[in-house]
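Listed here are the chains, written in short residue letters.
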Amino acid sequence: MNAQRIGRFLLPLVGILLVELVWLFTSQLSKDLPSPWEAWQASKLYILHPFVKRGEMDQGIGLLAFYSLLRVAKGFLLGIALATPLGFLLGVSKTFQKMMDPVIQILRPISPLAWLPLELVIFRRSEPAALFTIALCSMWPTVINTMAGARSIPQDYWNVARVLRLSPFKTFTKILLPATLPQMFTGYRLNLGIAWLVIVASEMLTGTPGIGGFLWQEYNSLVYAHILLCIVTIGVVGFVLDRMMGVVESRLRSA
């Protein structure tokens, strides 16, 4: 048992160490790519003082991540608010599904880099444009999973609801929602991951304070160590978000 616990702790460290070695080796081949130590020296001010604000973009990495997470939270909530009822409608109505299927299949693969210019034209401001871009790009896993969950409900359940003459509200709360909740929450988890991907591209294009905006500024300033800092931060925050949603999902399934 102790060996298993040690393995769970050591194996991830070995994986991280291997990545560090690849990074170090690559930095020896490219003069522009800083080594792990050089990246730490150039970025430690942002890491050791994560919530210090010195200028609009010259801020600690914690503040920059907070700005991005705030936008992600708003866009994520907007996305699931649009996607959840749409998924239910597609799941319970075959006619509506056939009508909307080509529309969904056309909209689903559109990149945030394509949506954002259109949103900027519509809203004339970067903040609402970024939020709607996040919502439009991240909502589809919830739509598809909710629809699939509703489609998987046995016909006997619907027959029982008719026999008992359940109201539409009780049918929703007693049959539809419990049956679709696990798959719907899987969609939420995927939504959040996509939303975190989209915010980086949105901030890079709009130049707003956040991880993406800071990354693009440092690229234009040729400060490559800070680009690596942003990449690591994006990965770590995405990992934490996924693990948090995974814990909530596992508790939901076991409830």
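Everything discussed here concerns the structure shown above.
Read on for a plain summary of the structure. Predicted model only: the values in this text are computed from it and were never measured. Throughout, a residue's number is its position along its own chain's written sequence, starting from 1. Where local features are concerned, this predicted model is filtered to residues with pLDDT of at least 70; where side-chain atom pairs are given and counted, the filter is 80 or more; whole-chain, interface and lining totals use all residues. Side-chain numbers here rest on the full set of heavy atoms in the structure, without hydrogens or water.

### Some words on the overall build of the protein
The condition that has to hold: Numbering goes from the N terminus for both helices and strands, where a helix is a DSSP run of H or I of at least four residues and a strand is a run of E of at least two. Burial classification: accessible surface area is computed with a 1.4 Å probe over protein chains only, and a residue below 20% of its type maximum counts as buried, one above 50% as exposed, and the rest as partly exposed. For every accessible area listed, the method is Shrake-Rupley and the probe measures 1.4 Å; residues are considered covered only by the protein chains on display. Residues counted as positive are Lys and Arg, residues counted as negative are Asp and Glu, and His and the chain ends are not counted. Where a charge lies is defined by one atom per residue type, namely NZ (Lys), CZ (Arg), CG (Asp) and CD (Glu).
When helices and strands are counted, the protein shows eleven helices and zero strands. When the helices and strands of the protein are placed in sequence order, the string is α-α-α-α-α-α-α-α-α-α-α. C-alpha extents for the protein along the principal axes are approximately 70 × 60 × 35 Å. A buried classification covers 38% of the 255 residues belonging to the protein. Approximately 15000 Å² of the protein is accessible, and the part contributed by carbon and sulfur atoms is 70%. Seen as two clouds, the 22 positive and the 13 negative side-chain charges of the protein have centres 14 Å apart.

### Concerning the layout of surface pockets
Basically, it comes down to this: Points on a 1 Å grid, built from protein atoms alone, make a cavity when a 1.4 Å probe fits but cannot get out and make a pocket when they are open with protein on both sides within 12 Å along at least 5 of 7 lines; residues with an atom within 4 Å of a point are the lining residues. Grid points are joined across faces, edges and corners, and a volume is the space filled by probe spheres set on the points. Polarity classes work like this: nonpolar for Ala, Val, Leu, Ile, Met, Phe, Trp, Tyr, Cys and Pro, charged for Asp, Glu, Lys and Arg, and polar for all others, with Gly in that last group.
A volume near 580 Å³ is recorded for the largest pocket. Lining the largest pocket we find 20 residues, and of these Glu20, Trp23, Val232, Thr233 and Val236 sit closest to its centre. Sorting the residues of the lining of the largest pocket by element identifies helix H1 (2–29), helix H2 (36–48) and helix H11 (224–254) as the ones contributing at least two each. Examining the composition of the lining of the largest pocket, we find that nine residues originate from one element, H11, more than from any other. Grouping the amino acids of the lining of the largest pocket by side-chain chemistry returns 16 nonpolar, three polar and one charged. Considering the residues around the second largest pocket, the lining is formed by Gly91, Val92, Ala150, Arg151, Ile153, Gln155, Trp158 and Arg162. When contributions to the lining of the second largest pocket are tallied by element, the ones reaching two or more residues are helix H3 (61–92), helix H7 (140–151) and helix H8 (155–163).

### Points about the side chain of Ser43
Inclusion rule: Polar contacts, as counted here, are pairs of nitrogen or oxygen atoms within 3.5 Å of one another; within protein the pair requires one atom able to donate a hydrogen and one able to accept it, and residues that are adjacent in sequence qualify only if both atoms are side-chain atoms.
Mapped onto the elements, Ser43 comes out in helix H2. Polar side-chain contacts of Ser43 include one of 3.0 Å to the backbone oxygen of Ala39.

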